[in-house]
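Here are the chains, one letter per residue:
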Amino acid sequence: MKKNLIEVLIVEDDSRIAEIHQRLIDKIDGFSVIGVATNFQEAVELFEIVKPQLVLLDVYFPDMNGLEFLKWIKEN
């Protein structure tokens with residue numbers, strides 16, 4: 001049983017890239033993917049629900065800039 005896992009939220013609009021990130025994180029001891037968001041709304045909802053310790057964040061999205069989401073995280 002793994003203890004003290006770092007819970008990761010992946011925020012990536014390209015599902016293929018998100019899958020690659022998830023597979024990589026799953027291979028690293030001590031880390032666990034707890035959610036994948038593909039747009040700003042999903043990112044906000046998942047962040048509020050799962051409260052990740054780490055966010056793997058893309059910068060360019062059709063509906064937002066990843067830096068805007070980072071600013072939202074800091075404010076909330």
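About the cut-offs
- Residues numbered from 1 in each chain as written.
- Predicted model: local features only at pLDDT ≥ 70, side-chain atom pairs only at ≥ 80, totals over all residues.
- Heavy atoms only, no water.
- Helix = DSSP H or I, 4+ residues; strand = E, 2+ residues; numbered from the N terminus.
- Expected span 1.5 Å × (residues − 1).
- Polar contact = N/O pair within 3.5 Å; in protein donor to acceptor, adjacent residues only side chain to side chain.
- Pairing = 2+ DSSP bridges.
- Axes fitted to C-alpha atoms, helices over the stretch in contact; angles between N-to-C directions.
- Contact = heavy atoms within 4.5 Å.
- Buried < 20%, exposed > 50% of the residue type's maximum accessible area, 1.4 Å probe, protein only.
- Right-handed = clockwise from strand over helix to strand, strands pointing away.

Re helix α1 (residues 15-26)
Three- or four-residue spacings in an α-helix give side chains the same orientation, since the helix completes a turn every 3.6 residues.
Alright, step 1. Along its twelve residues, α1 runs 16 Å from first to last C-alpha, staying within 8% of the 16 Å computed at 1.5 Å per residue.
Alright, step 2. Here α1 starts with a cap whose side-chain oxygen sits 2.9 Å from the backbone nitrogen of R16, and that cap is D14.

Focus: the sheet that holds strand β2 (residues 31-37)
Alright, step 1. Spatially, the three strands line up as an open sheet ordered β2-β1-β3, and their pairing is parallel. Each end of this open sheet is capped by a strand with a single partner; those strands are β2 and β3 (54-57). Direction aside, neighbouring strands of the sheet carry axes that sit 25° apart on average.
Alright, step 2. Taken strand by strand, helix α3 (residues 66-75) contacts β1 (6-11) and β3, and its axis lies near 165° from that of β3.

Some words on unusual backbone geometry
Alright, step 1. For K51, which is not glycine, the phi torsion reads 45° and is therefore positive.
Alright, step 2. Residue position: K51 is located in the loop between α2 (40-50) and β3.
Alright, step 3. Look at K51 and you get exposed, because its relative accessible area is 58%.

So, the pairing of β2
Alright, step 1. Pairing of β1 with β2, which is carried by six bridges, proceeds in the parallel orientation. Within β2, the position partnered with V11 by the bridge is A37.
Alright, step 2. The parallel pair β1 and β2 is bridged by α1, and the resulting crossover is right-handed.

A closer look at the pairing of β1
Along any regular strand the residues' side chains alternate between the sheet's two faces.
Alright, step 1. With four bridges connecting them, β1 and β3 associate as parallel partners. Pairing of I10 across the sheet is with L56, part of β3.

Here's the deal with the environment of E45
Alright, step 1. Tracing the chain through its elements places E45 in helix α2.
Alright, step 2. Relative accessible area serves as the criterion here: at 40%, E45 is assigned to the partly exposed category.
Alright, step 3. Polar contacts involving the side chain of E45 include one to the side chain of Q41, which spans 3.0 Å.

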